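As a plain string of letters, each chain reads:
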Amino acid sequence: MKNYRITVNGVAYEVAVEELGADEVTAAPAAAAKPAAKAAPAKKAPKKAPAGGAGSVQINAPMPGKILAVKANEGTAVSKGDVVLILEAMKMENEICAPQDGTIASIEVSVGDMVESGNVLATMN
């Protein structure tokens, strides 16, 4: 991953670029650039101890952002594509959906938490 600073109409943006192989496909939308002048150092989400009933399937954050809503609780049965969380990134609300049918084993974040790309948001069985 390479980091660049790009200036557009006098506003500096910091962007990270990752080269993908020809056989890689990404389903997550690309993270939008953020202004460098206003960007504060990103706070990492507080790491919680793994829940005793943590599931085998992890639902990870596709981009950095803020948790706006938790739509499913622990023990809730979900189908593939059901909305589990709402993640705000660059003033856009992104639905974080269940990758498969199952039961929510643990929710690892709370409303208002700031998360980084790849952080575990929830686990499923």
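Please refer to the structure placed before this passage.
What counts and what doesn't
- Residues numbered from 1 in each chain as written.
- Predicted model: local features only at pLDDT ≥ 70, side-chain atom pairs only at ≥ 80, totals over all residues.
- Heavy atoms only, no water.
- Helix = DSSP H or I, 4+ residues; strand = E, 2+ residues; numbered from the N terminus.
- Contact = heavy atoms within 4.5 Å.
- Areas by Shrake-Rupley, 256 points an atom, 1.4 Å probe, with all protein chains shown as cover.
- Core = buried A, V, L, I, M, F, W, Y, C linked by side-chain atoms within 4.5 Å.
- Buried < 20%, exposed > 50% of the residue type's maximum accessible area, 1.4 Å probe, protein only.
- Polar contact = N/O pair within 3.5 Å; in protein donor to acceptor, adjacent residues only side chain to side chain.
- Salt bridge = Lys/Arg side-chain N within 4 Å of Asp/Glu carboxyl O.
- Pairing = 2+ DSSP bridges.

Caption draft 1: Representation of the overall build of the protein chain within the structure. Counting its regular elements, the protein chain contains 0 helices and 11 strands. For the protein chain, the α and β elements follow one another from N to C terminus as β-β-β-β-β-β-β-β-β-β-β. Contacts spanning at least 24 positions in sequence make up 55% of the contacts within the protein chain whose residues lie at least 6 apart. Counting only carbon and sulfur atoms, one obtains 51% of the accessible surface of the protein chain, whose full area is about 8300 Å².

Caption draft 2: View of the nonpolar core. Judged by nonpolar contacts, the single largest core of 20 residues is most densely connected at Ile67, Val84, Leu85, Ile104, Val115, Leu121 and Met124. For this core, the elements supplying multiple residues, two or more each, are β4 (57-60), β7 (83-89), β9 (102-107) and β11 (120-124). A per-element tally of this core places β7 first, with 4 residues.

Caption draft 3: Examining the side chain of Thr123 more closely. Structurally, Thr123 is set in strand β11. Residue Thr123 is classed as buried on the basis of its relative accessible area of 4%. A polar side-chain atom of Thr123 sits 2.5 Å from a polar atom in the side chain of Ser106.

Caption draft 4: Region of the structure containing the pattern of salt bridges. Applying the stated criterion to the full structure yields 1 salt bridge. Residue Glu14 is joined to Arg5 by a salt bridge in which the shortest nitrogen-to-oxygen separation is 2.9 Å. Of the residues examined, Arg5 reaches a relative accessible area of 58% and is grouped as exposed.

Caption draft 5: Region of interest: the side chain of Asn94. Structurally, Asn94 can be placed in strand β8 (residues 92-97). Accessibility expressed as a relative area gives 14% for Asn94, which makes it buried.

Caption draft 6: Region of the structure containing the pairing of strand β1 (residues 2-8). Among the 7 residues of β1, 0 are classified as buried, and the element is accordingly described as predominantly exposed. Both β1 and strand β2 (residues 11-17) contribute to a ladder of 7 bridges, which runs antiparallel. Directly across from Lys2, in β2, lies its bridge partner Val17. Counted along the chain from β1 to the antiparallel partner β2, the turn is 2 residues long, and its residue Asn9 has a positive phi close to 50°.

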